[in-house]
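Remarks on the overall topology
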Amino acid sequence: LIRSIGRACLSQALASVFEQDVPVRILVLQAGGHAMAEPADPPEQVSLQVMQPEHPLARSAAANGLLQHASTEFALFLDDDDWLLAGHLQRLMQALDAHPLAPAAHAGVVCRSGDRAAPQDLHVFDEPAPWSAMQLGNRLPIHAVLFRTSVVQAAPALRMDETLSQFEDWDFWLQLMARGGPFVHVPGVSAVYFLDAQVGSGHADTTDPARQGHLQAFGRRQLQRWQPTDVASLIEQHGRLVGDLVHGRQLLQARAADHERALLAGHAAQQQSERLHDEMTRLRAQADRVQAEQVQLREQLGRLQDEQSQLRQQHSRLQDEQQQQLALRDHLLDQQAELHRNLTAYRNEAELLAAVRLDHLRQIERLTADLQALVGSNSWRVTRPLRMLSRAWTAVRSGRLQTLCHNTILAVRQESRRHGALGFLRRVPHYLRNAGRLVRVLAVRAPQMQANPFANALPPAPAALRLHPELEPAPGLLDAKVSIVIPTLNAGDELHWLLRKLAAQRGVREIEVVLVDSGSSDRTVAMGREMGAVVVEIAQAAFTHSHARNLGARAASGDWVLFMVQDAYPIGDLWVYGMLSYLLEHAAAGVVAASCAEFSRSDSDLMYDCSIATHYRFLGCHELDRIGQHRGDDHMALRSQGQLSDVACLIGRPLFLSYGYRGDYAEDLDLGIRLLRDGHKVAMLASVKVIHSHNRPPYYYLKRSFVDVIFLVGLFDDFYRPPCESLRGLVRGAVWIASELARWLEQAAGFRDGVLMHVEVDRWLDAVQRAHVPATPAAAGGLGDPRFDACLQSLVQSIAPLAAQGASEDREIRHFVDSFVARARHLSQFMSSVYGPADARVRDSVADALPKTMAATLGAALAFCYLDRDAAALQGLQRQIVDALFDQLKQGV
């Protein structure tokens, strides 16, 4: 990224980039406001783009203009009067590849002045630049640093402060360190910073009267950025420097006094013996010089011999590395050829399958047409009574009619015993609606088998149930140190209970707690330090789930890192032992990480309990421990096998540091999938659990469901996306369901004790499916969450200008109604397995869960509508509405 004002020295800067041995994209911004000379053509591996703004730009504005167009993985600023030496970019890229979590790397730069053809070296910048040292002085010339654009462009994007006319690059480096951590130092000079002898460096001229103003402007930026820990570090650094200066001054004064006394004492004797020993002194001095030269020659010879030996060793190592690289290249070429052959075969097979599929579809269409013609024929209608008589006679002869009567009597008796006579009568409409399916089931006679024909082919018995460690004999001590990393923000008094519980853990040699706090205003930070935790503080604006946990892992010192959340609570004092012992026992099988299932808190809501139970049944760890491995790349296999949970996730610290979390959402699932694809295995444990749950309002479930769908569709190519035919129809269906639900909740508040709430919910859902949605949208709101009600009202207002869309709108209404009914029936099934006859608490739980179910249904539908906005007929105002919804609903989850 080159800021230029059209100076002739730009050609030298470009030539130094052309000589780099890595592919480069050069962006030159002409900030001087006038046309510049056409630059030389770049070599093949270099692309060059020149940007001409409409008006002249200051230094910071020009840099920000270049940052907006930076699209490569790494970026480096280069002023048009500086240049790079050979290998500069390659050295920095290698350093960043070796440190994947570092935001930037910097190399040494020599400062030169005078004639450009034969300049003089003034100073070398080749020292590490830690955070504390960078507070009071910029150690980094602008082209010394290669930085990751992903860290700079992450929201909110980092930019140079355009209010600073000087020190803007110093301020930019401090912003980047605050967000991404320390820079990597690559020793050795590989770039040149040219200082004009007439103009100087500008801000470095202490005689410039404007310099104090620039420093004050930068100082205001520092005061906004400094934390108490930074000020304390600067105070300690200043104290050390003052102490060293005073000590050095005292030593110089003492040596000067000794030297003066020696001169006074020997002055008289020196005058007497000066004439006698003058010749002897001269000869001795000459002999000393000859002897010193001999010693220097011997030392130089020894150094040359050592350097020659080192060069031989380096040459041998380079030859070995070159042979290894050649072998690796050949292996990669073979793999590439094999992959190309496989890809060709897969493509051919896919084309063949596509042709077969089309042929099958054509056959299905022909057979369907023939079947419809047959069913619609007169002969088929005339012979219908004969077919009915034939089926009846067959049923009588085969005994199916007797079986149907017998099984019906048994089923009526069992249902009456299960639900009571009154409950059975209430369910009669349900039995009648499903009469066809029930008759087919009841007409089947149970097989009578004298012996088990598969006795010799039974599968092996499942593994023994693993008990919680506290139900087993007293365990031994695991020789390991576990670092528990917890992101915090205003954790409150519950943090004290959690830290006390973690301190009481047994069975592990050492437990370390690392809190990564993002700007708590309560006693979270002080409480953590009082209870012995390592506390890492970051700005709230710098927080993401991945970044905070990565910082915590780097600050930890344990062999293992266990990620938790601040509102979780371990069950038992052997909780950490239980998770670690499982990993150690299954390490030989390739298990490298483990999470444990959640046990809901007593204040958890019905919606959360249902979601958690469904989730852990999907993962296969509702009752037994489960080991996940790579079984396929479809989303069902990857999600069910690779799920980890940051509520409690244990992994070896060196392995985690080699992967790290990434992204702003579902970073734990992403890590699990990457581990599986690299051949590792992960575990979800039911034998140990952690207490954790939430009681969220409907508006949260709306946003969470929206973001879930956006994330899953973006992560998995095969995730099904139902089309959205009409935004107006979607909103009408949602508002109608909300109004019907509000009316039913008013009725449900008056239900007497003893009714079965899942039966009442099913009865209402049956009525909803049969009902007709009115043409005029009902009034939105009334579900107990002001933010969710306001969102519904906003949707109604947004679709008001849209014209009716006929059949497509009706289909979208029905699609939303069916989606809500399906989710609500799932909730009802869970209720039937948990709740008995209703009381006030059960009625309140159901009244709380159904609006959340409706909100989750709406969030998913809006997400599918947003993702389908290009394929669907969403143009003009409809497109603007869904784009605005995306910006609103993705925030804060």
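Refer to the structure presented above.
Procedures and definitions
- Residues numbered from 1 in each chain as written.
- Predicted model: local features only at pLDDT ≥ 70, side-chain atom pairs only at ≥ 80, totals over all residues.
- Heavy atoms only, no water.
- Axes fitted to C-alpha atoms, helices over the stretch in contact; angles between N-to-C directions.
- Helix = DSSP H or I, 4+ residues; strand = E, 2+ residues; numbered from the N terminus.
- Parallel < 35°, antiparallel > 145°, perpendicular 65-115°, else oblique.
- Contact = heavy atoms within 4.5 Å.
- Nonpolar A, V, L, I, M, F, W, Y, C, P; charged D, E, K, R; others polar.
- Pairing = 2+ DSSP bridges.
- Salt bridge = Lys/Arg side-chain N within 4 Å of Asp/Glu carboxyl O.
- Buried < 20%, exposed > 50% of the residue type's maximum accessible area, 1.4 Å probe, protein only.
- Expected span 1.5 Å × (residues − 1).
- Right-handed = clockwise from strand over helix to strand, strands pointing away.
- Disulfide = S-S within 2.5 Å.
- Phe/Tyr/Trp six-rings, centres within 6.5 Å; stacked < 30°, edge-to-face > 60°.
- Left-handed = near helix turned anticlockwise from the far one by under 90°.
- Lys, Arg positive; Asp, Glu negative; His and termini not counted.
- Polar contact = N/O pair within 3.5 Å; in protein donor to acceptor, adjacent residues only side chain to side chain.

1. As for the packing of helix α23 (residues 727-748) against helix α27 (residues 840-867)
Where α23 meets α27, the axes come as close as 11 Å, and the angle between the chain directions of the two elements is 180°. Overall, the two elements α23 and α27 adopt an arrangement that is roughly antiparallel. Contacts between α23 and α27 involve L727, L730, A734, I737, A738, L741, W744, L745 and A748 on the former and, on the latter, R843, V846, A847, L850, P851, M854, L858, A861, L862 and C865. Among the residues making up the contact of α23 with α27, the classes are represented as 18 nonpolar, no polar and one charged.

2. Let's talk about the sheet that holds strand β1 (residues 2-4)
Strand order in the open sheet formed by four strands is β3-β2-β1-β5, and the pairing between neighbours is parallel. At either end of the open sheet lies a strand with only one pairing partner, and these are β3 (46-51) and β5 (78-79). Here strand β2 (residues 24-30) runs beside β3; their pairing, made up of six bridges, is parallel. If you follow R25 over to β3, its bridge partner there is S47.

3. Structural notes on the environment of V707
Counting through the fold element by element, V707 comes out in helix α22 (residues 698-715). For the pair V707 and Y665, spaced 42 residues apart in the sequence, the C-alpha separation amounts to 8.8 Å.

4. Quick notes on the pattern of salt bridges
On inspection of all chains with the given rule, the structure shows 31 salt bridges. Across the salt bridge formed by R601 and D603, the nearest N and O atoms sit 3.3 Å from each other. We classify D603 as partly exposed; its relative accessible area is 43%. Put simply, E760 and R763 hold a salt bridge, and the shortest N to O gap is 2.9 Å. With a gap of three residues between them, E760 and R763 both fall in helix α24 (residues 757-770), about one helical turn apart. Judged by relative accessible area, E760 falls into the buried class, the value being 12%. Sharing partners across several salt bridges, the network here consists of D479, K481, R509, E510 and D559.

5. What to know about α24
Spanning 14 residues, α24 covers 20 Å between terminal C-alpha atoms, matching the ideal 20 Å at 1.5 Å per step. Looking only at α24, the buried set comprises M757, H758, V759, E760, V761, W764, L765, D766 and V768.

6. Brief notes about the pairing of strand β12 (residues 508-517)
Of all 10 residues in β12, seven are buried; the element is thus mostly enclosed. Bridge analysis of strand β11 (residues 478-488) against β12 gives nine bridges, and the strand direction is parallel. From the neighbouring strand, I486 faces β12, where its bridge partner is L515. Sheet analysis places β12 next to strand β13 (residues 534-537), joined by four bridges and oriented parallel. Bridge pairing links V516 to V536 in β13. In this region the chain leaves β12, passes through helix α15 (residues 524-530) and returns to the parallel neighbour β13; the handedness of that crossover is right-handed.

7. Quick look at the state of the cysteines
One pass over the full model with this rule turns up zero disulfides. Unpaired in terms of disulfides, C649 finds its nearest cysteine sulfur in C596, a separation of 9.8 Å.

8. Quick look at the environment of W173
With respect to the secondary-structure elements, W173 resides in helix α6 (residues 168-180). Taking the relative accessible area as the measure of exposure, W173 reaches 0% and is therefore buried. Sequence spacing of W173 and S808 is 635 residues, and the spatial spacing of their C-alpha atoms is 55 Å.

9. Thoughts on the packing of aromatic side chains
Enumeration according to the criterion identifies 15 aromatic pairs in this entry. Seen in terms of ring centroids, W83 and F194 are 6.1 Å apart; in terms of plane orientation they differ by 35°. Their pairing is tilted. With W83 in strand β6 (residues 83-84) and F194 in strand β10 (residues 184-195), this residue pair connects regions lying 111 residues apart in the sequence. In this pair, the class of W83 matches that of F194, namely buried. Three or more aromatic residues joined by ring pairs make a cluster, and in this case those are F77, F147, F172, W173 and F183.

10. Quick look at the pairing of strand β16 (residues 591-599)
Counting buried residues along β16, eight of its nine residues qualify, which places the element largely inside the surrounding structure. Of the pairings in the sheet, the one linking β16 to strand β19 (residues 681-691) comprises eight bridges and is parallel in character. When the sheet's bridge partners are listed, C596 is paired in β19 with L685. As paired strands, β16 and strand β18 (residues 648-652) are joined by three bridges and run antiparallel to one another. Across the sheet, A594 pairs through a bridge with L650, a residue of β18.

11. Regarding unusual backbone geometry
The omega torsion across A155 and P156 is -10°, close enough to zero to call that bond cis. Here F167, not a glycine, exhibits a phi torsion of approximately 65°, which is positive. With respect to the element layout, F167 can be found in the loop between α5 (149-153) and α6. Despite not being glycine, N490 shows a phi value in the positive range, around 50°.

12. Regarding the packing of α23 against helix α26 (residues 807-834)
With their axes 7 Å apart at the nearest point, α23 and α26 run at an angle of 45° to one another. Considering the angle they form, α23 stands oblique to α26. The way α23 lies across α26 gives a crossing that is right-handed. Taken together, the residues of α26 that come into contact with α23 (itself represented by R728, G729, L730, R732, G733, A734, W736 and I737) are E809, E812, I813, F816, V817 and F820. Grouping the constituent residues of the contact of α23 with α26 by class yields eight nonpolar, two polar and four charged.

13. Examining the side chain of D668
For D668, the location among the structural elements is in helix α21 (residues 667-677). At 7.1 Å, R549 is the nearest oppositely charged side chain to D668, a buried residue that forms no salt bridge. If sequence neighbours within four positions are ignored, D668 has contacts with Q643, L644, S645, D646 and Y661.

14. A short note on the side chain of Q175
Secondary-structure assignment places Q175 in helix α6. Of the residues examined, Q175 reaches a relative accessible area of 15% and is grouped as buried. For Q175, the residues in contact, after removing those within four places along its chain, are L158, R159, R221 and R225.

15. Considering the environment of H430
Residue placement: H430 occurs in helix α12 (residues 428-433). Taking the C-alpha atoms as reference points, H430 and D762, separated by 332 residues in sequence, lie 9.2 Å from one another.

16. Digging into helix α18 (residues 606-619)
In an α-helix, one turn spans 3.6 residues; hence positions three or four apart end up facing the same way. In a regular helix each residue adds 1.5 Å, so 14 residues correspond to 20 Å; α18 covers 20 Å between its end C-alpha atoms and thus fits that length. Of all the residues in α18, the buried ones are L606, M607, Y608, C610, I612, A613, Y616 and L619. The N-terminus of α18 is capped by D605, whose side-chain oxygen sits 3.0 Å from the backbone nitrogen of M607. Within two residues after α18, G620 carries a phi angle of roughly 80°, on the positive side.

No statement about biological role is implied by the geometric values presented.
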